[in-house]
Amino acid sequence: MYPNQVKEALEHVRYPGNGKNIVEAGMVADDIRIDGDNLSFSIVFPKQNDPFAKSVIKAAIQAVHTYISNEIEVTVTPSFPQPEVKKQDDSMTRVHNIIAVSSGKGGVGKSTIAANLAMSLRNLGYRVGLLDADIFGPSVPKMFNLEDAHPMASIAEDGRSIIEPIEQYGIKILSIGFFVDPASAVVWRGAMASNAVRQMINDANWGELDYFIVDMPPGTSDIHLTLVDALKFTGAIVVSTPQQVALADARKGIDMFQNEKINIPILGLVENMAWFTPAGHPDEKYFIFGDGGCRKLAEQLNVPLLAQIPLIQSVCESGDNGAPISFDSNGLAGRYYLELAEKISKK
């Protein structure tokens, strides 16, 4: 056995990332060591946490056994590029507007509103970030077709490891869903959940943003207090359906933000699922959950009603398919979200 013979065997191994064999791609390091029947060498992968690393190493070992000898003891060491050292200032110092999207209860479409608001603000030409702070029910990865995404890390000048948000459709995104098994429940105590939220805020390279949208957990909890402590919110949007049960919880959500210890300006209410409009009959309205519930609550509490978003089948389908409906701002549903984004930017 000699080095060129090893390379000839490894020419039968292809790297799925570019289709080239690993010798042609320059991935076999110049450290081939032969000691009797013991062989060791390194494979240099093009990126950290390379998804093909395990399969390529397995194929390399198999190639040596197939084309040289099955009795050779093969040791393959993966090599990855060092993280880029980036200049990192306070992660929030270059974020100009921080908007909380909240709801008193779950199931009212809060995350759908947050995702489409972020997309619509991007459509208006703004630099946008989206933080999915719903620790126990993250849905942003699904809505943005990022269920298999795993953020990379870089190293700040002070030696800290910095999370690089995933960029999708021009929006910088982080979610706890990127770091946990999507099929498993997140069973964490409050302190652990709060620490995870702080890390996604303080240890991430958000860069310069015009708008930072925070998809809050439903209800009022210690995670809300953590977010209030960690961020200087410009204002909050409260989402509800017109149903009386949802409105009762929306009232509590507004009261939380107006509490003297929190004191975050209420930008307004968004009434989601305000009515049902069949796709083939866009002028028809069916008030499934009641008529004008959020309008009445907004008048009682003296807060603006920012938008009434109808229940449209394509909104659900687009979220399930990983591309928020407002990706197309010219569509029927997209226009509702674009008008909401324009109102927010004016405020």
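Reading the values: rules and limits
Residues numbered from 1 in each chain as written. Predicted model: local features only at pLDDT ≥ 70, side-chain atom pairs only at ≥ 80, totals over all residues. Heavy atoms only, no water. Phe/Tyr/Trp six-rings, centres within 6.5 Å; stacked < 30°, edge-to-face > 60°. Helix = DSSP H or I, 4+ residues; strand = E, 2+ residues; numbered from the N terminus. Buried < 20%, exposed > 50% of the residue type's maximum accessible area, 1.4 Å probe, protein only. Lys NZ or Arg CZ within 6 Å of the ring centre and 35° of its normal. Polar contact = N/O pair within 3.5 Å; in protein donor to acceptor, adjacent residues only side chain to side chain. Contact = heavy atoms within 4.5 Å. Salt bridge = Lys/Arg side-chain N within 4 Å of Asp/Glu carboxyl O. Expected span 1.5 Å × (residues − 1). Arc of directions from axis to C-beta.

1. Points about the packing of aromatic side chains
For step 1, the next point in the chain: Applying the stated rule across the entire model yields seven aromatic pairs.
For step 2, the next point in the chain: Taking the centre distance of 5.7 Å and the plane angle of 25° together, the rings of Phe 45 and Phe 80 count as stacked. Here Phe 80 lies in the loop between strand 3 (73-79) and strand 4 (85-86) and Phe 45 lies in the loop between strand 2 (38-44) and helix 2 (53-67), a separation of 35 residues in the sequence.
For step 3, the next point in the chain: Since its relative accessible area comes to 1%, Phe 45 is described here as buried.
For step 4, the next point in the chain: On the basis of an interplanar angle of 70° and a centroid distance of 4.8 Å, the ring pair of Trp 206 and Phe 212 is categorised as edge-to-face. Grouping residues by exposure puts Trp 206 and Phe 212 together as buried.
For step 5, the next point in the chain: Here Lys 285 stacks its cationic end above the ring of Trp 275, 4.0 Å away from the centre of that ring.

2. With respect to the side chain of Ser 111
For step 1, the next point in the chain: Looking at the element boundaries, Ser 111 is found in helix 3 (residues 110-123).
For step 2, the next point in the chain: Note on Ser 111: relative accessible area 8%, which makes it buried.
For step 3, the next point in the chain: Side chain to side chain, Ser 111 and Ser 139 meet in a polar contact 3.2 Å long.
For step 4, the next point in the chain: When near neighbours in sequence (up to four residues on either side) are disregarded, Ser 111 contacts Ser 139, Met 143 and Asp 215.

3. Focus: the pattern of salt bridges
Pairing between side chains becomes possible if they bear opposite charge and their charged atoms approach one another.
For step 1, the next point in the chain: Per the counting criterion, the structure on display carries five salt bridges.
For step 2, the next point in the chain: With a closest N to O distance of 2.7 Å, Asp 215 and Lys 110 form a salt bridge. Taken as a pair, Asp 215 in strand 11 (residues 211-215) and Lys 110 in helix 3 lie far apart in primary sequence, 105 residues in all. Summarising the burial analysis for this pair, Asp 215 and Lys 110 share the class buried.
For step 3, the next point in the chain: The salt bridge involving Glu 147 is made with Lys 142; its shortest N-O contact spans 3.7 Å.
For step 4, the next point in the chain: One salt-bridge network, held together by shared partners, links Lys 110, Asp 134 and Asp 215.

4. Examining helix 2
For step 1, the next point in the chain: In a regular helix each residue adds 1.5 Å, so 15 residues correspond to 21 Å; helix 2 covers 21 Å between its end C-alpha atoms and thus fits that length.
For step 2, the next point in the chain: Buried residues of helix 2: Ala 53, Val 56, Ile 57, Ala 60, Ala 63 and Val 64, and no others. Along the long axis of helix 2, the arc covered by the buried residues comes to 120°, so they all point the same way. With respect to the buried face of helix 2, the exposed residues turned more than 90 degrees away are Lys 54 and Lys 58.
For step 3, the next point in the chain: Where helix 2 is buried, its residues meet helix 1 (3-10), strand 2 and strand 3.

None of the figures reported here should be taken as evidence of function without further support.
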